[in-house]
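# Chains, contacts and geometry: an overview
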Amino acid sequence: MPANLTLETLSAAVDAGEIDTVLVAAVDMQGRLMGKRFHAAFFLDSGYRETHCCNYLLAVDMEMNTVPGYKSAGWEKGYGDYVMKPDLATLRRIPWLPGTALVLCDLLDHDTHEEVAVSPRAILKHQVARARAMGFDAMMATELEFYLFENSYESYRDKGHGGLVPVSGYNEDYHIFQTSKEEEVMRTIRNALYAAGIPVENSKGEAEAGQEEINYRYSDSVDTADNHTLIKQATKEIAWAKGKSVTFMAKYDTRRAGSAAHVHQSLWTTDGKPAFYDHDDANGMSAVMKQFLAGQLAHAEEITVFLAPYVNSYKRFTVGLFAPTKAVWSTDNRTAGFRVCGAHTKAVRVECRIPGADVNPYLTCAALLAAGLAGIEGKLDLEAEMKGDMYAAQNVREIPKNLRDAAARLNGSSMLRAAFGDDVVDHYHRNAEWEIAETDRVVTDFELQRLLERA
Ligand code: ADP
């Protein structure tokens, strides 16, 4: 489903008084939309060509702190500008905001007009081009899980983020009655996204109180990462407009299941044939699929930073809550990090279950693709399938236990250094180091509760 505006149809909608505002936005390291709100007349006049933003947008943390140690931007370089170049193929109506359209931008170097190497969208586009040069289109879908809360962010912020109240009182996995009660929010989200040109397949209750999932149709990877980003944005904005709130934190409560963003992946030949399918194989898996999966397994620990980017992300990987703990593969087995779905059919695909809902989808898809393509290039042999309960499996490849271990694996990854370039790996390693240092530095509620009286 393509984005649903062109410059011509936008112009007509502006003339008809339907649209007066165009959001011009790029995606930052954290996966957030950052940009400006243009008057539609100015956008049509010249804004559609390019605009500018401070280059610190790819060098700040969640709090917008200016983080030292990045080669791309810093005080010593004066924090200059990037060019924000609208990708007009993404121009669309944003039905959940009055009179509004949106376009996603690529970030370009101010002088050379080359894409900025550390920009998440550029990193993914580079891997997609690499797949194409090998004869493949990389098709992906992410399944977005999140929690929906009764009250607004503002009301929880006033209480120090304590007392979050999920919209339901019980595990609502697949429940129709409970999710009927949530339709005021979820139906609005589905229909608004569909009207924005995002092919929503369904929403469902998930396996905790107040937990939801949205699925949308797989597409080429850049399109998928764009859709993922817009779904997150819509979900937050629509919930907020109704006085509610959502979280895409990987693990917001120690006692509750975390939220995932499983990634379904398949390669297709550039003339549209399913490159993962082989009718004669026991599982219907082609040699290409086996090599791709072997690459993801071989490099699983190195790419984990892009599947679990925060210290918090690793708290999701617990036994018995449907989040994986082992980076192994298995057919239709939800305890494995890599689950083969659609075995024996043309829809045979790899579902990577490691990514949390807190990921930047461009980086996640790019890292998975880089690892898979390395497997094809190296003609790697696929290890034997694991069967049964992977939580109980001994002496098998583990998902790194924390961001510190994952960051070390990223730093030492010759596969990622070859695929992304040293500047990109160094940049995201620095980002992980900063996240670790910030989390090490702060005093938490846990420490107070445990130590204040008894230490
Ligand atoms: P599940 O049983 O895991 O919920 P679904 O049939 O709902 O599986 O599909 C999950 C996701 O996988 C959807 O977003 C769907 O679009 C996507 N998907 C289906 N076929 C493919 C494929 N060949 N390649 C990539 N993604 C796919």
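Residues numbered from 1 in each chain as written. Predicted model: local features only at pLDDT ≥ 70, side-chain atom pairs only at ≥ 80, totals over all residues. Heavy atoms only, no water.

## A word on the site of the ligand
The ligand sits among Met139, Ala141, Glu143, Glu201, Tyr216, Arg217, Tyr218, His264, Ser266, Arg339, Ala347 and Arg349. Between the ligand and Ser266, the relevant distance is 2.7 Å, taken from a nitrogen atom to a side-chain nitrogen or oxygen of the residue. Expressed as a share of its isolated accessible area of 570 Å², the protein-covered part of the ligand is 78%. Of all the secondary structure elements, the ones that give two or more residues to the shell around the ligand are strand 7 (136-149) and strand 12 (261-269). Looking at which element gives the most residues to the shell around the ligand, the answer is strand 7, with three residues. A per-class count over the shell around the ligand returns five nonpolar, two polar and five charged. (Near = heavy atom within 4 Å. Polar contact = N/O pair within 3.5 Å; in protein donor to acceptor, adjacent residues only side chain to side chain. Areas by Shrake-Rupley, 256 points an atom, 1.4 Å probe, with all protein chains shown as cover. Helix = DSSP H or I, 4+ residues; strand = E, 2+ residues; numbered from the N terminus. Nonpolar A, V, L, I, M, F, W, Y, C, P; charged D, E, K, R; others polar.)

## Points about the pairing of strand 8 (residues 200-205)
Sheet topology places strand 8 next to strand 9 (residues 211-216); five bridges connect them, and they run antiparallel. By the bridge assignment for strand 9, Lys204 is matched with Glu213. Counting the residues between successive antiparallel strands, the hairpin from strand 8 to strand 9 contains five residues, one of them, Gly210, with a positive phi of roughly 80 degrees. (Pairing = 2+ DSSP bridges.)

## Some remarks on unusual backbone geometry
You will see that His344, though not glycine, has its phi angle at about 70 degrees, which is positive. Note on placement: His344 falls in the loop between strand 14 (338-341) and strand 15 (349-352). We classify His344 as exposed; its relative accessible area is 52%. Phi at Asn395 takes a positive value of approximately 55 degrees, unusual for a residue other than glycine. Within the secondary structure, Asn395 is located in the loop between helix 10 (361-377) and helix 11 (403-411). When its relative accessible area of 81% is taken as the criterion, Asn395 is described as exposed. (Buried < 20%, exposed > 50% of the residue type's maximum accessible area, 1.4 Å probe, protein only.)

## Considering the domain arrangement of the chain
Looking at the chain, the domain boundaries give domain 1 (7-115) and domain 2 (127-447). For domain 1 versus domain 2, the distance between C-alpha centres works out to 26 Å. Opposite the 24 residues of domain 1 that make contact, domain 2 presents 26 residues. Both sides of the domain 1 and domain 2 interface together cover about 2100 Å² of buried area, and 60% of this is carbon and sulfur. (Domains from an automatic or database assignment. Contact = heavy atoms within 4.5 Å. Buried area = accessible area lost by both parts, 1.4 Å probe.)

## Here we look at the side chain of Glu213
Looking at where Glu213 falls in the secondary structure, it is placed in strand 9. As a buried residue without a salt bridge, Glu213 has its nearest oppositely charged side chain in Lys204, at a separation of 4.7 Å. At 2.8 Å, the side chain of Glu213 and the side chain of Asn215 are in polar contact. (Lys, Arg positive; Asp, Glu negative; His and termini not counted. Salt bridge = Lys/Arg side-chain N within 4 Å of Asp/Glu carboxyl O.)

## Things to note about the packing of aromatic side chains
Taken as a whole, this structure holds 14 aromatic pairs when the rule is applied. Seen from their ring centres, Tyr56 and Tyr79 are 6.1 Å apart, and the 75 degrees between their planes marks the pair as edge-to-face. On the criterion of sequence distance, the pair formed by Tyr56 in the loop between strand 3 (51-54) and strand 4 (81-86) and Tyr79 in the loop between strand 3 and strand 4 is long-range, its members being 23 residues apart. Feature note: the residues Tyr147, Phe149, Tyr156 and Tyr252 constitute an aromatic cluster, connected by ring pairs. Over the ring of Tyr174 we find Lys204, and its NZ or CZ is 4.0 Å from the ring centre. Taking the ring centre of Tyr218 as reference, the NZ or CZ of Arg217 above it sits at 4.6 Å. (Phe/Tyr/Trp six-rings, centres within 6.5 Å; stacked < 30°, edge-to-face > 60°. Lys NZ or Arg CZ within 6 Å of the ring centre and 35° of its normal.)

## Things to note about the state of the cysteines
Taken as a whole and judged by the stated rule, the model has zero disulfides. Not engaged in a disulfide, the cysteine Cys53 finds its nearest cysteine sulfur in Cys54; these two sulfurs lie 7.3 Å apart. No disulfide involves Cys352; its sulfur sits 10 Å from that of Cys365, the nearest cysteine. (Disulfide = S-S within 2.5 Å.)

## Overview of the pairing of strand 12
Of all nine residues that make up strand 12, seven are buried, and the element is covered over most of its length. Judged from the nine bridges that link them, strand 7 and strand 12 form a sheet pairing that is antiparallel. Each bridged residue has a counterpart across the sheet, and for Ala141 the counterpart in strand 12 is His264. The pairing of strand 12 with strand 15 spans three bridges and is antiparallel.

## Notes on helix 6 (residues 183-195)
Taking 1.5 Å per residue, 13 residues should reach 18 Å; helix 6 reaches 17 Å between its end C-alpha atoms and fits that length. Listed in full, the buried residues belonging to helix 6 are Val185, Met186, Ile189, Ala192 and Leu193. Each buried residue of helix 6 lies within a common arc of 135 degrees when the element is viewed along its axis, so the set occupies one face. At the C-terminal side of helix 6, Gly197 shows a positive phi close to 85 degrees. (Expected span 1.5 Å × (residues − 1). Arc of directions from axis to C-beta.)

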